Every structure is written in structure tokens, then in C-alpha cells.
Amino acid sequence: MSGLLLKRRRRPELNLLPLIDVLVMLVFFAFVTMQFRSMTTMNLTLPKVETAGKSEIKDSLTISITKDGGVEVNGRPASMQLLEQLVQEIGRVSKDVTVVIRSDENTPLRYVTQAMDTCRKQGLNKIRLQSR
């Protein structure tokens, strides 16, 4: 043996504990910040702008909704119950009637969706929204 000492090299190793800690924190952060909601969409048929400034919708039902939830059907005051009856009658006659729902931009969405649901329950799917 020569006078040189052979140093044994330590076996290379990777300290996994800090990596696992970081991974656990990332997973925890992802679960905490994730929002578990089912995404739903509304199927809207938007009006075509072929005639600027003119309304050429034939065979239409116009529902106007005020800020406080008041309802007008074709310019006449009504209630949600009367709206349901009218939509049922129209739904029996024809499913091709275009429904125009007009509301103020500050009208709560629950009133607009209630009117849309009433129309959709009767099979009227040509619904157009307008804001004033």
C-alpha cells in the first residue's frame, strides 16, 4: 500500500423530505383555492343586426321587466302568474314564436331568468334579450 489514503466517496443521495414538503403544500394550496362548482351556460339566441334601428321580428311576444320585478306583456301590465298562463297558451299554438325579454341593465337577474324559465318550460326556445 502506498502512503496515499484513498478517500471513499460518499454515495450521492437526494434529500427528499424538502421536496415532499413543497409538493404537499402545493397540493394543499390547489385544493384550498379551487372552486368546486359545476359550470352551466345559458343558451341564448341573439338578434341579428341586419336592419340597423328597425325591429322586424314577426310573431313575437315581448316581455318587459322593470327594476322591481314588474312584468309587462306586449305593453300591458301583467304578473308572473299571468305570464305563465299566456306562455302556456302560446306554447300550445306554436313553438316558433320569438320571445323578446326586455329589461333594464339594473334589473336583478332572478327576474329575467324566471321569465326565461317560464318560456323554456313551454318549449319556446327562440328567446332574445334586450337591455334598455
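This section reports on the structure supplied with the text.

Calculation rules
- Residues numbered from 1 in each chain as written.
- Predicted model: local features only at pLDDT ≥ 70, side-chain atom pairs only at ≥ 80, totals over all residues.
- Heavy atoms only, no water.
- Helix = DSSP H or I, 4+ residues; strand = E, 2+ residues; numbered from the N terminus.
- Buried < 20%, exposed > 50% of the residue type's maximum accessible area, 1.4 Å probe, protein only.
- Polar contact = N/O pair within 3.5 Å; in protein donor to acceptor, adjacent residues only side chain to side chain.
- Contact = heavy atoms within 4.5 Å.
- Pairing = 2+ DSSP bridges.
- Axes fitted to C-alpha atoms, helices over the stretch in contact; angles between N-to-C directions.
- Parallel < 35°, antiparallel > 145°, perpendicular 65-115°, else oblique.
- Left-handed = near helix turned anticlockwise from the far one by under 90°.
- Nonpolar A, V, L, I, M, F, W, Y, C, P; charged D, E, K, R; others polar.
- Patch = residues over 30% accessible without salt bridge, like charges linked within 9 Å, V, L, I, M, F, W, Y side chains within 5 Å.
- Areas by Shrake-Rupley, 256 points an atom, 1.4 Å probe, with all protein chains shown as cover.
- Salt bridge = Lys/Arg side-chain N within 4 Å of Asp/Glu carboxyl O.
- Expected span 1.5 Å × (residues − 1).
- Arc of directions from axis to C-beta.

### With respect to the side chain of T107
Looking at the secondary structure, you find T107 in the loop between β4 (98–103) and α3 (109–121). Residue classification places T107 among the buried residues on the basis of a relative accessible area of 10%. Looking at T107, its side chain comes within polar contact range of the main-chain oxygen of D104, at 3.1 Å. With residues near it in sequence (within four places) discarded, T107 still touches I65, T66, K67 and V112.

### Details of the sheet that holds strand β5 (residues 127–131)
Sheet strands line up and pair through hydrogen bonds in the backbone, either parallel or antiparallel. Strand order in the open sheet made by the five strands is β3-β2-β1-β4-β5, with mixed pairing throughout. Since the sheet does not close on itself, it has two edges, and those belong to β3 (76–78) and β5, each with one partner. Strand-to-strand twist across the sheet, computed as the mean angle between neighbouring axes with direction ignored, equals 25°. Here strand β2 (residues 71–73) pairs with β3 via three bridges, running antiparallel. Note that in β3 the partner of V73 across the bridge is R76.

### With respect to unusual backbone geometry
One non-glycine residue with positive phi stands out, namely N74, at about 50°. Looking at the secondary structure, you find N74 in the loop between β2 and β3. When its relative accessible area of 47% is taken as the criterion, N74 is described as partly exposed.

### Side note on the packing of helix α2 (residues 80–93) against α3
Put simply, α2 and α3 touch, their axes get as near as 9 Å, and they point 25° apart. Relative to α3, the element α2 lies roughly parallel. As α2 runs across α3, the sense of the crossing is right-handed. Mapping the contact onto sequence places M80, L83, E84 and V87 in α2 and Y111, Q114, A115, T118 and C119 in α3. A class-by-class count of the residues in the contact of α2 with α3 yields six nonpolar, two polar and one charged.

### Focus: a nonpolar patch on the surface
Taken together, the side chains of L14, L16, L19, I20 and V24 present a nonpolar region at the surface, about 500 Å² in accessible area. In this fold, L14 is placed in the segment before α1 (17–33).

### Re α3
Here α3 contains 13 residues, and its C-alpha end-to-end distance of 18 Å stays within 8% of the 18 Å for a straight helix at 1.5 Å per residue. Taken residue by residue, α3 has Y111, V112, A115, M116, T118 and C119 as its buried positions. Along the axis of α3, the buried residues cluster in a sector spanning 155°; they form a single face. Facing away from the buried surface of α3 by more than 90 degrees, the exposed residues are L109, R110 and K121. Considering only its buried residues, α3 is in contact with β1 (60–65), α2, β4 and β5. Note on α3: the residue one or two positions beyond its end, G123, has a positive phi of about 90°.

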